[in-house]
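# What the coordinates show
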Amino acid sequence: MSAVKYSDLGLVNTREMFKKAMEGKYAVPAYNFNNMEQIQAIIIACTESKSPLILQVSSGARKYANQTLLRFMAMGAVQMMKDMGGNIPVALHLDHGDSVDLCKSCIDTGFSSVMIDASHHSFKENIEISKQVVEYAHARDVTVEAELGVLAGIEDEVSSEVTHYTKPAEVEEFVAKTGVDSLAISIGTSHGAYKFKLKPGESVPPLRFDILEEVEKRIPGFPIVLHGASSVVKEYVDMINKYGGKMENTAGVPEDQLRKAARSAVCKINIDSDGRLAMTAMIRKVFAEKPGEFDPRKYLGPAREELVKMMKYKNENVLGSAGRA
Ligand code: G3H
Ligand code: 13P
Ligand code: ZN
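Just so it is clear, the model here is predicted, and its values are computed rather than measured.

Another aspect to go through is the packing of aromatic side chains. With the rule as written, the count across this model stands at 2 aromatic pairs. When the ring of F123 is compared with that of F174, the centres are 6.3 Å apart and the planes differ by 40°; the resulting orientation is tilted. On the criterion of sequence distance, the pair formed by F123 in helix α6 (residues 123-138) and F174 in helix α7 (residues 168-178) is long-range, its members being 51 residues apart. Using a relative accessible area of 23% as the deciding quantity, one classes F123 as partly exposed. F174 gets classed as buried once you look at its relative accessible area, which sits at 0%. Judged by centre distance (4.7 Å) and plane angle (65°), the ring pair of F287 and Y299 falls under edge-to-face. You can see F287 sitting in helix α11 (residues 273-289) and its partner Y299 sitting in helix α12 (residues 296-319), a full 12 residues away along the chain. Residue F287 is classed as partly exposed on the basis of its relative accessible area of 39%. Classification of Y299 by relative accessible area gives buried; the value is 18%. In this arrangement the basic side chain of R140 is found over the ring face of Y136, its NZ or CZ atom lying 3.6 Å from the centre. Over the face of the ring belonging to F209 we find K260, whose NZ or CZ atom lies 4.1 Å from the ring centre.

Below, the structure is given as structure tokens:
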């Protein structure tokens with residue numbers, strides 16, 4: 001099978017997006033999708049708020065929805081954006097690629113950007129693996145994100161109980177030896193909907209901006225990525241609990257900290273869990289209020305609308321990407 005070129009699908013890589021985000025002091029949203037309603041919501045929200053966009057596909061998403069179908073959905077999403085009169089740059093990105101082969105396969109099937117996540121390996125192995133991906137990707141003008149440091153929580157099938165903060169002393173060598181285009185760092189965010197468990201009166205501990213600043217000093221102007229950046233929106237958690245769900249004592253990354261990060265060298269902010277919460281909250285509400293409803297469009301529709309609302313809010317008020325496309 002011959003390789004599919006991402007530019008033929010109307011997609012772009014992240015190079016220009018990150019250059020503009022760095023200059024403009026905002027972050028590009030990277031929203032994960034697994035199904036039609038999610039990708040529709042992402043496209044509507046980013047087109048209406050005129051925000052550049054990174055569509056993310058995890059290994060879990062590939063298994064759930066089929067890699068080929070996801071790629072065609074991304075292609076359809078670009079066309080939908082144009083039909084809406086939009087003109088925003090859209091990248092299709094592999095989230096947490098765990099092997100060189102997986103990254104290559106995504107590059108060959110139309111992805112414009114890949115993440116090689118070898119952060120669980122030794123520093124030396126991480127360099128070796130990331131470098132192999134860069135060689136293959138750059139020959140095809142695909143951009144590469146790698147990671148230094150380990151976030152707590154679940155990253156696809158790999159999970160870590162504890163955070164291993166990025167060591168700023170390692171970033172220059174890593175970036176120089178691998179040639180990656182962006183670097184995900186660990187400064188206290190974590191994956192999933194259970195980031196912080198607070199006792200009464202406690203507030204979320206601040207992210208380690210000291211590490212971020214040290215990284216910025218060592219690799220000035222280099223695009224940084226923040227994973228695990230959902231705020232675990234309280235109104236959605238409350239709604240889920242109100243309508244029969246059970247999500248206990250949880251908190252995410254406060255919006256003001258994300259705003260601060262977006263003004264720095266952080267050029268890409270990953271959000272998945274907040275979208276899951278928004279959809280679940282709305283679906284539960286419909287089920288509770290209209291128990292006779294059985295048409296999926298009647299509950300997935302409101303869930304999609306809520307997602308649009310949430311993403312537009314984030315683009316405008318948290319990432320600062322609205323109006324930048
Ligand atoms: O980093 C994790 C993302 O939220 C993707 O999650 O592997 O459940 O699709 P997933
Ligand atoms: P959240 O779980 O905080 O949404 O993080 C998503 C993410 O980092 C995807 O790579
Ligand atoms: Zn992640």
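Having seen it, we continue.
We now examine the coordination of the zinc ion (ligand 3). Bound to the zinc ion (ligand 3) are the protein donor atoms H96 (NE2), H191 (NE2) and H227 (ND1), situated 2.0 to 2.1 Å from the metal. Linear spacing of the donor residues for the zinc ion (ligand 3) on their chain is H-x94-H-x35-H. Of the two residues, H96 is situated in strand β3 (residues 90-97) and H227 in the loop between β9 (224-226) and α9 (234-242); the sequence distance between them amounts to 131 residues. Note on accessibility: H96 and H227 belong to one class, buried.

To continue, consider the site of ligand 2. With respect to spatial proximity, 16 residues lie near ligand 2, and among them D95, K195, S230, D272 and S273 are the closest. In this structure, an oxygen atom belonging to ligand 2 sits 3.2 Å away from a main-chain N or O atom of A229. Between ligand 2 and the protein, one listed contact pairs an oxygen atom with a side-chain N or O atom of S230 at 2.6 Å. Across the complex, the protein chains shield 96% of the 310 Å² of accessible surface that ligand 2 would expose by itself. Contributions of two or more residues to the shell around ligand 2 are made by β3 and β10 (266-271).

Attention now moves to unusual backbone geometry. At K25, a position not held by glycine, the phi torsion is positive, near 55°. For K25, the position within the fold is in the loop between α1 (15-24) and β1 (28-32). Despite not being glycine, K50 shows a phi value in the positive range, around 50°.

Pairing within the closed barrel is parallel, and its 8 strands lie in the order β1-β2-β3-β4-β5-β8-β9-β10. Across the sheet, the mean angle from the axis of one strand to that of its neighbour is 25°, orientation sign disregarded. Relative to β10, β9 runs parallel, the two sharing 3 bridges. Bridged to V225 within β10 is K268. In the packing of α7 onto the sheet, the strands contacted are β5 (143-148) and β8 (182-185), and the crossing angle to β5 comes to about 150°.

Let's shift gears to the nonpolar core. Soluble globular proteins tend to pack their nonpolar side chains together in the buried interior. Ranked by internal contacts, the top residues of the largest apolar core, which has 105 residues, are F33, L53, L55, L183, I224 and I269. For this core, the element with the most residues is α12, which contributes 8 residues. Excluding anything up to four places from it in sequence, F33 contacts Q38, I39, I42, L55, Q56, V57, A61, L70, M73 and L92.

So, about α12. Three- or four-residue spacings in an α-helix give side chains the same orientation, since the helix completes a turn every 3.6 residues. Buried residues of α12: Y299, G301, A303, E306, L307, V308, M310, M311, K314, N315, V318 and L319, and no others. For α12, the secondary structure elements touched by its buried residues are β1, α2 (36-48), α9, α10 (255-262), β10 and α11. For α12, the side-chain oxygen to backbone nitrogen distance between the N-cap and R297 is 2.9 Å, and the N-cap itself is D295.

How each quantity is defined
- Residues numbered from 1 in each chain as written.
- Chains lettered and ligands numbered in written order.
- Predicted model: local features only at pLDDT ≥ 70, side-chain atom pairs only at ≥ 80, totals over all residues.
- Heavy atoms only, no water.
- Phe/Tyr/Trp six-rings, centres within 6.5 Å; stacked < 30°, edge-to-face > 60°.
- Helix = DSSP H or I, 4+ residues; strand = E, 2+ residues; numbered from the N terminus.
- Buried < 20%, exposed > 50% of the residue type's maximum accessible area, 1.4 Å probe, protein only.
- Lys NZ or Arg CZ within 6 Å of the ring centre and 35° of its normal.
- Donors = N, O, S within 2.8 Å, 3.2 Å for Na, K, Ca; no water.
- Near = heavy atom within 4 Å.
- Polar contact = N/O pair within 3.5 Å; in protein donor to acceptor, adjacent residues only side chain to side chain.
- Areas by Shrake-Rupley, 256 points an atom, 1.4 Å probe, with all protein chains shown as cover.
- Pairing = 2+ DSSP bridges.
- Axes fitted to C-alpha atoms, helices over the stretch in contact; angles between N-to-C directions.
- Contact = heavy atoms within 4.5 Å.
- Core = buried A, V, L, I, M, F, W, Y, C linked by side-chain atoms within 4.5 Å.

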